[in-house]
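Below are the chains, spelled out letter by letter.
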Amino acid sequence: MSGEEQAGRAGATERNEEYERMEKWLDDHPEFTHDYFARKAKRSMVDGWLLAQALSHSPGLNFKQPETNNSSGSNSRNNSGTNTPVRKISAQEFDRGDILNPIVSTVDGARTFLGPSTSQTSVTNKHHRRPRTELKTLDEKELMYELVIDICNELDVNSLCHKILQNVCILLNADRCSLFLVHGRGGEERFLEAKLFDVSADTTLEEVCENREAIRIPWGTGIIGHVAQTGELLNIPDAYKDPRFNNEIDLQMGYRTRSILSTPIKDSDGVVIGVAQAINRINSKDEPFNAYDEKIFSNYMAFCGIGLKNAQLYEKSLLENRRNQVLLDLARVIFEEQNNVANLIYKIMMHTQSLLQCQRCQVMLIDDLCKGIFSQVFDLENTDFDNSDTFNREWPAEPRFPIHIGISGYVAATGKTLNIANAYEDNRFDPSVDIDPNFKTKAILCMPIKNAHGKVIGVSQLINKLDGSIFNKNDENLFEAFAIFCGLGINNTQTYETVMKAMAKQRIALECLSYHASAPADEARRLKSMVIPSTYTYNLLDFSFSDFGLDDDDTLKASIRMFIDLNLLERFRINYETFCRWLLSVKKNYRDVTYHNWRHAFNVCQTMFCMLKSGQMDNILTQTEELALIVACLCHDLDHRGTNNQFQIKTSSPLADLYSTSTLEHHHFDQCIMILSTKGNDILANIRQDEYEEVIQVLENAILATDLALYFKFRGEFFNLVKSSEADWNRERDRDLLRSMMMTASDVSAITKPWEVQLKVADLIASEFFEQGDLEKSQLNIKPAEMMDRDKKDHLPDMQVGFIDSICLPVYHAIAEISPRLQPLLDGCQKNRQNWQCMSQHNSKHVVDESKKENESKDDNIQDQSESMDEKAMHSESEDGNLHLMDIESGEDSEDIAVS
């Protein structure tokens, strides 16, 4: 260690020792410390102190972690839903802070129980009150100041009340004092409860709390109730002469109450929050309390009211914080469990039992199919687990008493909460449920369980509090929060189970689909046994190749020959029989549509093969890419329905719901992967993992590239790359563009075939397009695009010229620049364009000639009609007289003339 380091450590040690001496001196002189802090402390120091206190652990929140033995390394249930530790807290603890805030809706409609909470531990006052003998020597002002300082920073309600009563004993020289706090809210029945009773100047807080009994006084009853109701001080010289005095407590305790001085405790708003009472002034003459006592008592209680209200607010904030932690624990527990509703519900009931301290807890779920019937009933008694940290139960047990339709049925039907103090006094209660002679239903708290949409999905019911009391408002508020969390948890778990069932059904459907979509093994063996002719037999290396002279077996054997010549079967260790079955399965999964069928896929594959071999593109691409491209060509239109992407969108087909872009292309890829993943068709089973990932990636991009929308999106970048002569085929982006353009060139390669082949293919394409147009007219009642309108079939040459100019020629020009051996594709495309252009011009000339003839014919008809009208007029004039002559001279029948 260097000298500098040694000196540094020595200095640090010396400073620590100095700090320790200073801290010890401050501990020994608390008056100085308090005075210094009161004069010098800043708001930031106080906030820091409060924060430090808030971070300390609250004695009321005890976590007992379960003892686990993981030595075996197996059967661990730490993550099991029903093994979650239960927070040790009772709902009765919340009663100390008066009624907690209920669940409310925020501005955005969300339900919340969160309230202001700051710390989890009470702040203890460091001020030490002077001895009683010393206090008696002080004058009135000094004594009042000392007693106010004694309570001003006390935030624990019990400790504060104890100090207040002791100070009252000192101020009034009283024998005993008591303090009652007001409970209940406006609009509800209010009452007073003894916080501390019979406290003397020498009684310790521990003694008072240990012997404390619950004394509840109705509002306006007795002396205490009268003072609370009127808000006025009451001085009674002789208690037994006052009719409001109740001597039962004197009889119980063997004590004689003579005089009483009782005053209200008010907060800063003047609201009565409690009543303080002094009993029996200590003096030799047993004199009652006088006016001076009334004055000093009232003045001191004014200070105490503010301090007591602050302490109550602080205690309430602590309890709110603790309740929030309990509910957050429940939320965590609920959303940990997504697998099984039964386990989730038992966790909920276990936490409910622990919090609300009741004898029995029930959860009843409503049957979705049969409304009004509970499909599942879960019942838990407090004796079912021994208050340990965990409780395990795998499956729900049958209820141990009948499911009555009264109270639970009413809550399920109305969605309203019922809090019944005495079940036997409620006509909705069915006494027959108490079939167990050792159990009797008394108090019931029944609440609906709702999902996120507000629909009642069940009912939760608590029966009989362990302490024999009724369920109060705090219990309702806590239970309501539980019910909301439970509703969300149950709904989520049920949804999860539904999704899992749907996924299972989907897997079964896929298994069935795979079985029926896969070619039979005997067909694969038959194809395997066939002799595969050479490439030259099928003319596969010629860009002018046509499949019109081949039957289906020939297309399969020609496909095998392409894989063999590319050395793909040997390079990727593809089992030959598996390959034959895969090829048959691919063919089987093409629908019998007019154009986008197996024959089209085979021709696209032949063009790609010819580009790789005759066009020498195999010098640029790797064998992995070649495998992916050949497979992509054979699979690029799998399960094509004879309609395009726009039709899927217009008809809102399931495919359009599944894929928003490149709808059919994504489906073709999915079908391809399904076949490749089917047992007996897995031709990629023997390749390395990195090669498999590369093949799948290239395969997906290649199939998606057949979407002309993507072709238009990326072709500009590709054309600029080719023109600039900056293409680097070792760069992945450039290779990806090249593969995509090769897929497009192969997909539309029918436009490069000899004219007689092109005419037949164009007729097939037009027929499929017209079929879609007919569907759009009949099903969608819309006018189809011109290329799909059967009434526009005479415009086919013009549309073909436009198709060649906008799509075909640009891509063939580009790939011919990359490899001059691909020039035949460009030449064939240009020749067909000339032929379509001639046909278009011929059609246009024919239309013009027909129009000219039609116009000439119309002119001749007009002239003939004019001459005929003149002749008819002249004939009519001469005939008019003749007719009359005929009628007179010959007597010929006028009806015959009229007919003629």
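Residues numbered from 1 in each chain as written. Predicted model: local features only at pLDDT ≥ 70, side-chain atom pairs only at ≥ 80, totals over all residues. Heavy atoms only, no water.

**Description of the overall build of the chain**
Next, step 1: The number of helices and strands found in the chain is 30 helices and 13 strands.
Next, step 2: Classification of the 900 residues of the chain by burial places 45% in the buried group.
Next, step 3: Long-range contacts, defined here as pairs at least 24 residues apart, represent 68% of the contacts in the chain between residues at least 6 apart.
Next, step 4: Working note: accessible area of the chain is about 47,200 Å², and carbon and sulfur atoms make up 51% of it. (Helix = DSSP H or I, 4+ residues; strand = E, 2+ residues; numbered from the N terminus. Buried < 20%, exposed > 50% of the residue type's maximum accessible area, 1.4 Å probe, protein only. Contact = heavy atoms within 4.5 Å. Areas by Shrake-Rupley, 256 points an atom, 1.4 Å probe, with all protein chains shown as cover.)

**Description of helix α24 (residues 689-704)**
Next, step 1: Its 16 residues give α24 an end-to-end C-alpha distance of 23 Å, which sits within 8% of 22 Å, the value for a rise of 1.5 Å per residue.
Next, step 2: By the burial criterion, the buried members of α24 are E691, V695, I696, V698, L699, A702, I703 and L704. (Expected span 1.5 Å × (residues − 1).)

**Here's the deal with the packing of helix α20 (residues 623-635) against helix α26 (residues 732-747)**
If you want to describe how two helices pack, look at the angle between their axes and the distance between the axes.
Next, step 1: Packing of α20 against α26 brings their axes to within 11 Å, and their N-to-C directions diverge by 30°. Judged by the inter-axis angle, α20 sits roughly parallel to α26. When you trace α20 past α26, the crossing you get is right-handed. Contact residues: α20 offers E625, L629, A632 and C633, while α26 offers R735, R739 and M743.
Next, step 2: The class makeup of the residues in the contact of α20 with α26 is four nonpolar, no polar and three charged. (Axes fitted to C-alpha atoms, helices over the stretch in contact; angles between N-to-C directions. Parallel < 35°, antiparallel > 145°, perpendicular 65-115°, else oblique. Left-handed = near helix turned anticlockwise from the far one by under 90°. Nonpolar A, V, L, I, M, F, W, Y, C, P; charged D, E, K, R; others polar.)

**Focus on the side chain of N464**
Next, step 1: Summarising the element assignment, N464 is placed in strand β13 (residues 456-465).
Next, step 2: Within the structure, N464 has its side chain in polar contact with the backbone oxygen of K440 (distance 2.7 Å).
Next, step 3: In contact with N464, other than residues within four places in its own chain, are Q357, C358, Q359, F439, K440, T441, K442, A443 and F471. (Polar contact = N/O pair within 3.5 Å; in protein donor to acceptor, adjacent residues only side chain to side chain.)

**Quick word on helix α6 (residues 157-172)**
Next, step 1: A rise of 1.5 Å per residue sets the reference length of α6, with its 16 residues, at 22 Å; its end C-alpha atoms lie 22 Å apart and thus fit the reference within 8%.
Next, step 2: Once α6 finishes, N173 follows within two positions and takes phi at roughly 55°, a positive value.

**Things to note about a negative patch on the surface**
Next, step 1: A contiguous patch of negative charge on the surface is contributed by E14, E17, E18, E20, E23 and D27.
Next, step 2: Locating E23 in the fold gives a position in helix α1 (residues 3-28).
Next, step 3: We classify E23 as exposed; its relative accessible area is 51%. (Patch = residues over 30% accessible without salt bridge, like charges linked within 9 Å, V, L, I, M, F, W, Y side chains within 5 Å. Salt bridge = Lys/Arg side-chain N within 4 Å of Asp/Glu carboxyl O. Lys, Arg positive; Asp, Glu negative; His and termini not counted. Charge placed at Lys NZ, Arg CZ, Asp CG, Glu CD.)

**Notes on unusual backbone geometry**
Note on backbone geometry: most residues besides glycine have negative phi, and most peptide bonds are trans.
Next, step 1: The phi angle at N539 is positive, at roughly 60°, despite the residue not being glycine.
Next, step 2: Within the secondary structure, N539 sits in the loop between α15 (535-538) and α16 (552-565).
Next, step 3: In this structure N539 comes out as partly exposed when scored by relative accessible area, which is 36%.
Next, step 4: Here S662, not a glycine, exhibits a phi torsion of approximately 45°, which is positive.
Next, step 5: Considering the arrangement of structural elements, one finds S662 in the loop between α22 (654-658) and α23 (663-677).
Next, step 6: A relative accessible area of 10% places S662 in the buried class.

**Here we look at the sheet that holds strand β8 (residues 272-281)**
Next, step 1: If you trace the six strands from one edge of the open sheet to the other, you get β5-β4-β3-β8-β7-β6, paired in antiparallel fashion. Strands at the two margins of the open sheet, each flanked by one partner only, are β5 (216-218) and β6 (234-236). Averaged over all pairs of adjacent strands, the angle between strand axes in this sheet comes to 25°, irrespective of strand direction.
Next, step 2: By the bridge criterion, seven bridges tie strand β3 (residues 174-183) to β8 in an arrangement that is antiparallel. Bridged to L181 within β8 is G274.
Next, step 3: Each of β3, β4 (191-199), β7 (260-266) and β8 is contacted by α6, which is oriented at about 140° to β3, the strand it contacts most. (Pairing = 2+ DSSP bridges.)

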